[in-house]
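Below, each chain spelled out in residue letters.
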Amino acid sequence: MKKTLATSIMARLGVAGAIASATLFALPAAAQDTRLSLADRVSRLEQQSQQQAGTTSLVNQVNDLQQQLAQLQGQIEELQHQNQQLQDSQKAQYADLDSRLGRMEKGGAPQGQSPAAAATASNPSAPSAAPPGAQPASAGAAPVHADADQQAAYDAAFKSLRAGDYVSASRGFRDFLVKYPDSPLAPNAYYWLGESYYVTMNYPVAIEAFQRLVKQYPQSDKVSDGLLKVGYCQIELKQQDAAVATLKQVTAKYPGTKAAGLAQERLRRLQRQTAN
């Protein structure tokens with residue numbers, strides 16, 4: 001019996017030892033599994049962090065794009081507004097030119113215009129009248145009447161102007177002035193040359209033509225209108241101070257003329273715009 005009991009005890013001890021041994025060998029594997037589990041969790045956290053950072057970056061990019069889009073929309077609206085202003089200005093210029101040409105075709109004199117100017121209006125190719133004793137501003141004596149060649153060249157350019165072919169009109173008047181600088185039609189040619197540039201919004205070149213008229217032919221009936229158009233061009237070129245000075249000069253030098261009335265009206269509009 002003692003031998004049987006001893007055998008049983010030994011067997012139990014062997015089982016316990018085996019269990020202990022198995023436990024000892026199993027601990028490192030469990031620890032390794034725990035380390036792997038922590039590494040996975042850290043990796044997942046890093047991935048989540050990167051994803052969140054990527055999402056934040058995308059959100060910031062979207063916000064930046066939205067701001068840029070809003071700025072572009074604002075710029076587009078401003079350009080559309082400027083384009084509308086240019087179209088309105090061009091329509092007004094065409095209407096003004098059509099009105100002038102219509103008065104010429106009808107032969108009527110604008111309000112406040114002298115009889116001599118009315119004669120010029122009824123016949124645009126007629127030379128502008130000057131006071132008795134006045135000398136031509138251009139070098140050399142101008143003939144009393146334009147010869148047939150001068151008249152034909154002038155009429156061709158004016159016909160293009162009346163037809164709305166402003167490129168051909170400007171070319172025709174330029175060629176006329178180069179070929180016949182001393183013609184009695186030169187003041188009118190300079191004026192209509194300026195008009196052909198003005199209605200196509202080529203304001204710097206238009207100013208040059210109108211200023212040539214004002215400086216070279218101070219006695220011409222076209223000078224008041226030419227000086228008025230200098231002021232108009234300066235307004236379009238955003239030269240407000242110069243425009244105001246020019247328009248005031250028109251009202252002071254040519255009181256009672258239609259040019260003076262138009263200059264006063266434009267001055268009032270400029271004052272209202274400045275006040276706003």
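Bear in mind the structure is a predicted one, so any value in this text is a computation, not a measurement.

**Here's the deal with the environment of Gly261**
By the element assignment, Gly261 lies in helix α9 (residues 258-275). Judged by relative accessible area, Gly261 falls into the partly exposed class, the value being 34%. For the pair Gly261 and Thr251, spaced 10 residues apart in the sequence, the C-alpha separation amounts to 7.4 Å.

**Brief notes about the packing of helix α8 (residues 240-253) against α9**
A pair of packed helices can be characterised by two numbers: the angle between their axes and the separation between those axes. For the pair α8 and α9, interaxial distance at closest approach is 8 Å and the crossing angle is 145°. α8 and α9 meet at a crossing whose hand is left-handed. The residues of α9 that touch α8, namely those facing Gln240, Val244, Leu247, Lys248, Val250 and Thr251, are Ala259, Ala260, Ala263, Gln264, Arg266, Leu267 and Leu270. Looking at the contact of α8 with α9, its residues break down into eight nonpolar, three polar and two charged.

**A short note on the environment of Gln271**
As for its position among the elements, Gln271 is in helix α9. C-alpha of Gln271 to C-alpha of Val244: the two residues are 27 residues apart in sequence and 9.6 Å apart in space.

**Observations concerning the nonpolar core**
Core analysis: the largest hydrophobic core is formed by 42 residues, its most contacted members being Tyr154, Phe173 and Leu247. Contributions of two or more residues to this core are made by α3 (148-162), α4 (166-179), α5 (186-198), α6 (203-216), α7 (223-236), α8 and α9. The biggest single contributor to this core is α5, with eight residues.

**Observations concerning α7**
Residue pairs spaced three or four apart in an α-helix point in one direction, given the helix's 3.6 residues per turn. Counted at 1.5 Å a residue, the expected span for α7 with its 14 residues is 20 Å, and the 20 Å between its end C-alpha atoms agrees. Within α7, 13 of the 14 residues are buried, which leaves it mostly tucked inside the rest of the structure. Lys238 occupies a position one or two residues after α7 and carries a positive phi of about 65°.

**Side note on unusual backbone geometry**
With a phi angle near 65°, Met201 is a residue other than glycine that sits in the positive phi range. For Met201, the location among the structural elements is in the loop between α5 and α6. The exposure class of Met201 is partly exposed, given its relative accessible area of 28%. Its identity is not glycine, yet Lys238 carries a phi of approximately 65°, on the positive side. Following the sequence through the fold, Lys238 ends up in the loop between α7 and α8.

**Section: the side chain of Thr251**
Relative to the helices and strands, Thr251 resides in helix α8. Excluding anything up to four places from it in sequence, Thr251 contacts Ala260, Ala263 and Gln264.

**Some remarks on the pattern of salt bridges**
Considering all chains together, one arrives at three salt bridges under this definition. The closest approach of N and O atoms between Lys229 and Glu195, which form a salt bridge, is 2.6 Å. With Lys229 in helix α7 and Glu195 in helix α5, this pair connects stretches of sequence that are 34 residues apart. Each member of the pair, Lys229 as well as Glu195, carries the same accessibility label: buried. Linking Glu265 and Arg268 is a salt bridge whose minimum nitrogen-to-oxygen distance equals 3.0 Å. Pair noted here: Glu265 and Arg268 are both in helix α9, with a separation of three residues, about one helical turn. A network of salt bridges, in which partner residues are shared, links Glu265, Arg268 and Arg272.

**Overview of the confidence of the model for the protein**
Looking at the protein, pLDDT values average 73 and 58% of them are 70 or higher. Confidence drops under pLDDT 50 across residues 105-144; counting only partners more than four residues distant or on other chains, this segment forms 60 contacts.

**Describing α3**
If you check α3, its first and last C-alpha atoms are 21 Å apart, about what 15 residues at 1.5 Å a residue would give, namely 21 Å. Its side-chain oxygen at 3.2 Å from the backbone nitrogen of Asp149, Asp147 defines the N-terminal cap of α3.

**Quick notes on the packing of aromatic side chains**
Tallied over the full model, the rule gives 10 aromatic pairs. Centroid distance Tyr154 to Phe173: 5.7 Å. Interplanar angle 70°. Geometry classified as edge-to-face. Taken together, the positions of Tyr154 in helix α3 and Phe173 in helix α4 put the pair 19 residues apart, joining distant regions of the chain. When the ring of Phe158 is compared with that of Trp192, the centres are 5.5 Å apart and the planes differ by 75°; the resulting orientation is edge-to-face. Of this pair, Phe158 sits in helix α3 while Trp192 sits in helix α5, and the two are 34 residues apart along the sequence. Exposure remark for Phe158: the relative accessible area of 5% places this residue in the buried category. It is Lys222 that lies over the ring of Tyr191; its NZ or CZ is 4.8 Å from the centre. Taking NZ or CZ as reference, Arg266 lies 4.3 Å from the ring centre of Tyr232, over its face.

Analysis parameters
- Residues numbered from 1 in each chain as written.
- Predicted model: local features only at pLDDT ≥ 70, side-chain atom pairs only at ≥ 80, totals over all residues.
- Heavy atoms only, no water.
- Helix = DSSP H or I, 4+ residues; strand = E, 2+ residues; numbered from the N terminus.
- Buried < 20%, exposed > 50% of the residue type's maximum accessible area, 1.4 Å probe, protein only.
- Axes fitted to C-alpha atoms, helices over the stretch in contact; angles between N-to-C directions.
- Left-handed = near helix turned anticlockwise from the far one by under 90°.
- Contact = heavy atoms within 4.5 Å.
- Nonpolar A, V, L, I, M, F, W, Y, C, P; charged D, E, K, R; others polar.
- Core = buried A, V, L, I, M, F, W, Y, C linked by side-chain atoms within 4.5 Å.
- Expected span 1.5 Å × (residues − 1).
- Salt bridge = Lys/Arg side-chain N within 4 Å of Asp/Glu carboxyl O.
- pLDDT = per-residue confidence, 0-100.
- Polar contact = N/O pair within 3.5 Å; in protein donor to acceptor, adjacent residues only side chain to side chain.
- Phe/Tyr/Trp six-rings, centres within 6.5 Å; stacked < 30°, edge-to-face > 60°.
- Lys NZ or Arg CZ within 6 Å of the ring centre and 35° of its normal.

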